[in-house]
Amino acid sequence: QVQLVESGGGLVQPGGSLRLSCAASGSISSINSMGWYRQAPGKQRELVAAITSGGSANYADSVKGRFTISRDNAKNTVYLQMNSLKPEDTAVYYCNAEVNPKWQSRSVNYWGQGTQVTVSS
């Protein structure tokens, strides 16, 4: 079994910063890509940022220059540093990981439980 546990969400004023963390644990052989998605009320879940095991990252246009994704492969952890936050960044943020489990050769996609980020004055 594999679990993704997120932390770091909360309430922040416009222009502020937050750092999200997501740690994967369980029967993990390795992890391919890791990423963050978000879903605002009444909207579809969208990709915010993703990073490969080699460190190559891609971002949604709406967060480029403000958000930075990084990962610690030794800790199976991915981070999202969010700066210059805007009210439109308000959403539930979900961690995602493509995991190579120890019990099979085929990778499996896992999701975290989500963490609320609210940007408001």
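Note that the structure is a prediction, hence the values are computed from the model and not measured.

Further remarks concern the packing of aromatic side chains. Following the criterion strictly, the structure yields one aromatic pair and no others. Aromatic pair Tyr37 and Trp111: ring centres 5.0 Å apart, planes at 65°, arrangement edge-to-face. With Tyr37 in strand S4 (residues 28-39) and Trp111 in strand S10 (residues 108-111), the pair connects residues that are 74 residues apart, well separated along the chain. For Tyr37, a relative accessible area of 24% puts it in the partly exposed group. In this arrangement the basic side chain of Arg19 is found over the ring face of Tyr79, its NZ or CZ atom lying 4.1 Å from the centre. In this arrangement the basic side chain of Arg45 is found over the ring face of Tyr94, its NZ or CZ atom lying 3.7 Å from the centre.

Right, let's get into the nonpolar core. Core analysis: the largest hydrophobic core is formed by 31 residues, its most contacted members being Trp36, Val48, Phe67, Val78, Leu80, Met82 and Tyr93. When residues of this core are assigned to their parent elements, the largest contribution, five residues, is made by strand S9 (residues 91-101). Excluding residues that lie within four positions of it along the chain, Met82 makes contacts with Gly16, Ser17, Leu18, Leu20, Arg66, Phe67, Tyr93 and Val117.

Attention shifts here to the environment of Val78. Mapped onto the secondary structure, Val78 falls in strand S8 (residues 77-82). The contact partners of Val78, leaving out residues within four places of it in the chain, are Leu20, Ser21, Cys22, Met34, Trp36, Ile51, Ile69, Ser70, Arg71 and Cys95.

Consecutive side chains along a regular strand alternate between the two faces of the sheet. Direction of pairing for S4 relative to S9: antiparallel, over a ladder of nine bridges. Its bridge partner being in S9, Arg38 is matched across the sheet by Tyr93. The pairing of S4 with strand S5 (residues 46-51) spans five bridges and is antiparallel. Opposite Tyr37, over in S5, you have Leu47 as the bridge partner. Counted between consecutive antiparallel strands, the loop separating S4 from S5 contains six residues, among which Gly42 sits at a positive phi close to 80°.

Cut-offs and rules
Residues numbered from 1 in each chain as written. Predicted model: local features only at pLDDT ≥ 70, side-chain atom pairs only at ≥ 80, totals over all residues. Heavy atoms only, no water. Phe/Tyr/Trp six-rings, centres within 6.5 Å; stacked < 30°, edge-to-face > 60°. Helix = DSSP H or I, 4+ residues; strand = E, 2+ residues; numbered from the N terminus. Buried < 20%, exposed > 50% of the residue type's maximum accessible area, 1.4 Å probe, protein only. Lys NZ or Arg CZ within 6 Å of the ring centre and 35° of its normal. Core = buried A, V, L, I, M, F, W, Y, C linked by side-chain atoms within 4.5 Å. Contact = heavy atoms within 4.5 Å. Pairing = 2+ DSSP bridges.

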